[in-house]
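Notes for the structure review
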Amino acid sequence: AKPQRSFSQPRWAGEPFPGKTLLLHFEQGFGDTFMFVRYAPLVKARGGRVLLLAQRQLADVVATCPGINEVVPEGAPLPPFDLHLPLPSLPSVFRTDLDSIPAQIPYLDVPERVPSRERIAGLLAASEGRLRIGCSWAGSPAHARDMERSMSRKALEPLGQLPGVAWHSFQFGVMHEAPLPQIVSFAPVLQNFSDTAYALSGMDLVITVDTALAHLAGAMGIPTLLLVHFQPDFRWMLYREDSPWYPTLRIYRQSCPGNWDSVVQGVIRDLSGDA
C-alpha cells in the first residue's frame, strides 16, 4: 500500500535550493524506487543536500546512485530537511518527455556491504566459462495485476533447449524451480537487494517478467529481456521492443492476452540467432 506521509515542509517544485536540504521519499514498490532514483543527479544540480527515504531492503543499493548525500532506511529517524518530494513526482517536476528521460546507465552499482557475498561468489564460480542467464517468472502475489504480469514456471520450459546455458533463478517463494537444466537458485542466499545486485553483476543476461529485478538489472546496465503482458504497465508503453528508460532492456510482448508461448518462442528465436 502507498505510504501516507504528510510533512509540514513545503513540496519541492523544481526551483533551485542552494544551502537547503531536500527529502526525496519512496511512494510505490521497489521497482519504482529503482526507476525514479535516476533523477538524483538532476536534483542535486539544483541545490544543496539531497536525502532519500527508501525501503530498508534496497537502501544500500540506491545509495550507490550519484547525487544522493544520505539514504535514510524506512523506520529510521529523519534528519532535518527543508523541502520534500515523492520519487514518482520527479518526471513531472523535470517535465520529462520521451526525448529527455535521464537514461545514463549504469546509475546503480553493487554496494560495499553484500551480506551473502561469499555464498553468492561460490554459486557463480560453479558456472565459470558458461553463459549465465538469470530468470524470474513471477512477481509479488500482492501486486494488483499480478495475475497478468506473472507467468507459470512451466511456460519457461522451452528455454531449456538453448545450449550451453548456466541457468540461475532469482525467484522467491516458490515450491518448485523452473524446469530448466541444472537451474541454480539464488533465493536461499539473497537477504536483500545488495545480494541481488551482486548476483546480477555475475549474469551475462537476465530474462524476467515485470518485477523489481527488471528495474535493478536495467539500472545496472545488464542486458535484460523483459517479458510483458499484452496490456503492460504504462512505463513499457505499446508497440516497441526497446525502453527509453533502460537502454540495455529489450521487450517481448504477448501477441494476445495470456499468450506467453509466443513470448518465449520469440526469446528462443533471437537467442538462437535464427531469422
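Structure's up top.
Here the residue numbers are simple positions, counted from 1 along each chain's written sequence. Totals for whole chains, interfaces and linings use all residues, but because this is a predicted model, local features are given only for residues with pLDDT of at least 70 and pairs of side-chain atoms are given and counted only at 80 or more. Excluding hydrogens and water, the side-chain figures rest on all heavy atoms present in the structure.

1. Regarding the packing of aromatic side chains
The aromatic pairing rule takes the rings of Phe, Tyr and Trp, using the six-membered ring of Trp, and pairs them if the centres are within 6.5 Å, calling planes under 30 degrees apart stacked, those over 60 edge-to-face and the rest tilted. All chains considered together, the criterion is met by eight aromatic pairs. Seen in terms of ring centroids, F7 and F81 are 5.3 Å apart; in terms of plane orientation they differ by 90°. Their pairing is edge-to-face. Of this pair, F7 sits in the segment before β1 (17-25) while F81 is found in the loop between β3 (70-73) and β4 (83-86), placing the two residues 74 residues apart along the sequence. With a relative accessible area of 21%, F7 lands in the partly exposed category. Residue F81 is classed as buried on the basis of its relative accessible area of 9%. Secondary structure elements follow DSSP: runs of H or I of four or more residues count as helices, runs of E of two or more count as strands, with numbering from the N terminus. Partly exposed residues are those whose accessible area sits between 20% and 50% of the maximum for their type, while under 20% is buried and over 50% is exposed, using a 1.4 Å probe and protein chains only.

2. Overview of the pattern of salt bridges
By definition, a salt bridge exists where a carboxyl oxygen of Asp or Glu is found within 4 Å of a side-chain nitrogen of Lys or Arg. Evaluated as defined, the whole model comprises seven salt bridges. A salt bridge links R113 to D60; the shortest N-O distance between them is 2.8 Å. Here R113 is found in the loop between α4 (90-93) and α5 (117-125), whereas its partner D60 is found in helix α3 (residues 59-62), with 53 residues between them in sequence. The class of R113 is exposed, set by a relative accessible area of 59%. Its relative accessible area of 24% is what places D60 among the partly exposed residues. Measuring nitrogen to oxygen at the nearest pair gives 2.6 Å for the salt bridge that ties K154 to E157. Each of E241, R250 and D270 takes part in one network of salt bridges that share partners.

3. Section: the pairing of β1
Two strands pair if DSSP finds at least two bridges between them. The pairing of β1 with strand β2 (residues 47-54) spans six bridges and is classified as parallel. The residue bridging F17 from the neighbouring strand is G47, located in β2. Strand direction decides the pairing type here: β1 and β4, joined by four bridges, are parallel. Bridge assignment links L22 to a residue of β4, and that residue is L83.

4. What about the nonpolar core?
By nonpolar core we mean a set of buried residues, namely Ala, Val, Leu, Ile, Met, Phe, Trp, Tyr and Cys, connected to one another through side-chain atoms within 4.5 Å. W12 and L108 are the most contacted members of the largest nonpolar core, which totals 66 residues. Among the elements that take part in this core, helix α8 (residues 212-219) stands out by supplying six residues, more than any other. Those residues in contact with L108, other than ones at most four positions away along the chain, are F34, V37, V61, V62, T64, C65, L216, A219 and M220. In this structure, C135, A138, L156 and W167 belong to the second largest nonpolar core, which totals 25 residues. Note on definitions: a residue-residue contact is assigned when non-hydrogen atoms from the two residues lie within 4.5 Å.

5. Concerning the pairing of strand β9 (residues 224-228)
Of all five residues in β9, five are buried; the element is thus mostly enclosed. Here β9 shows a buried face lined by T224, L226 and V228 and a second buried face lined by L225 and L227. Judged from the four bridges that link them, strand β8 (residues 205-209) and β9 form a sheet pairing that is parallel. Bridge assignment links V209 to a residue of β9, and that residue is L227. Tracing the backbone out of β8, into α8 and back to the parallel element β9 gives a crossover that is right-handed. Sheet analysis places β9 next to strand β10 (residues 249-253), joined by five bridges and oriented parallel. Opposite T224, over in β10, you have L249 as the bridge partner. Call a crossover right-handed when, viewed with both strands pointing away from you, the route from the first strand across the helix to the second goes clockwise.

6. Observations concerning the sheet that holds strand β6 (residues 165-169)
Strand pairing in a sheet relies on backbone hydrogen bonds. The paired strands run either parallel or antiparallel. The six strands lie next to each other as β7-β6-β5-β8-β9-β10, forming an open sheet whose pairing is parallel. Of all strands in the sheet, those bounded by a partner on one side alone are β7 (184-185) and β10. Together, β5 (131-136), β8, β9 and β10 form the strand contacts of α8, whose direction differs from that of β8 by roughly 150°. Between N-to-C directions, angles span 0 to 180 degrees; the directions come from axes that are lines fitted to C-alpha atoms, helices contributing only their stretch in contact.

The analysis is restricted to geometry; functional conclusions fall outside its scope.
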